[in-house]
Amino acid sequence: MSSRWLIAIGIAWIASSSSWAAANEVESALQAMMPGHAVTERRVALEEEQRDELRKRVRRKAYVPRAWSLFSLVADSGEVSYAGHWRTMGKHAPISLLVTCDSSLEGVRVRVLQQSEKYGRGITQPSFLKPFAGKTLKDEWRIWHDFDGITGATVSSTAVLNAVHDCLQCIVLLAQE
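Everything numeric here is computed off the predicted structure, so don't read it as measured data.

What counts and what doesn't
- Residues numbered from 1 in each chain as written.
- Predicted model: local features only at pLDDT ≥ 70, side-chain atom pairs only at ≥ 80, totals over all residues.
- Heavy atoms only, no water.
- Helix = DSSP H or I, 4+ residues; strand = E, 2+ residues; numbered from the N terminus.
- Buried < 20%, exposed > 50% of the residue type's maximum accessible area, 1.4 Å probe, protein only.
- Areas by Shrake-Rupley, 256 points an atom, 1.4 Å probe, with all protein chains shown as cover.
- pLDDT = per-residue confidence, 0-100.
- Contact = heavy atoms within 4.5 Å.
- Salt bridge = Lys/Arg side-chain N within 4 Å of Asp/Glu carboxyl O.

Peer 1: What is the right way to read the overall build of the protein from this model?
Peer 2: Looking only at helices and strands, the protein features five helices and five strands. Helices and strands appear in the protein in the N-to-C order α-α-β-α-β-β-β-β-α-α. Residues classed as buried in the protein amount to 46% of the 177 residues present. For the protein, the computed accessible surface area is about 9,400 Å², with 52% contributed by carbon and sulfur atoms.

Here is the structure:
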């Protein structure tokens, strides 16, 4: 299969409105990441101005969804955290991520929900995901400088890095409403 077909299939997958990771998988992953928090999903239809603002904020030409779910996680203490589900394309296959951050929109945590990259399996490892903790949108986000990439899977590593950054941008935009 030619690379053009693979790219076309990947773009079609990202653009589709069907969720690759089931909603209950997202909620169970959130419960595992943030035990003891009450999860509330707010489905938001992004207006054109919001989509334009996100297009300005994202790191590259990325698909900006027309609708998106912002998850609010409330602890027993009343502290609120936010989460978002983001999909991106690795080198050969789609990657599905869950990104959480605290109420100050920092304290990032990432979980890879699904991926089927042949050489990018390292993107699910804690050693790759740990450097996201404590990152803010004001920090530098460069692969091989601020984040260790996965040898032989630089495209997948970069795709995850950009997806987490883009997901945080969407969380920031919607959480401030």
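Peer 1: Would you mind going over the confidence of the model for the protein with me for this structure?
Peer 2: Detail in the predicted coordinates should be disregarded across regions flagged by low pLDDT. Of all residues in the protein, 80% attain a pLDDT of 70 or more, and the chain-wide mean is 79. Low confidence marks residues 13–21, where pLDDT is under 50. Its contacts with residues over four positions away, or in another chain, come to 25 contacts.

Peer 1: Would you take a moment to explain the pattern of salt bridges for this structure?
Peer 2: When the charged atoms of two side chains with opposite charge come close together, those side chains can pair. Summed over the entire model, instances satisfying the criterion amount to four salt bridges. Between Arg-55 and Asp-52 there is a salt bridge, with the nearest N and O atoms lying 2.7 Å from each other. Taken together, the residues Arg-55 and Asp-52, both in helix α3 (residues 48–57) and three residues apart, mark about one turn of the helix. The salt bridge involving Glu-53 is made with Arg-57; its shortest N-O contact spans 3.0 Å. Note that Glu-53 and Arg-57 are positioned in helix α3 at a spacing of four residues, about one turn of the helix. Salt bridges sharing common partners tie together Glu-48, Arg-51, Asp-52 and Arg-55.

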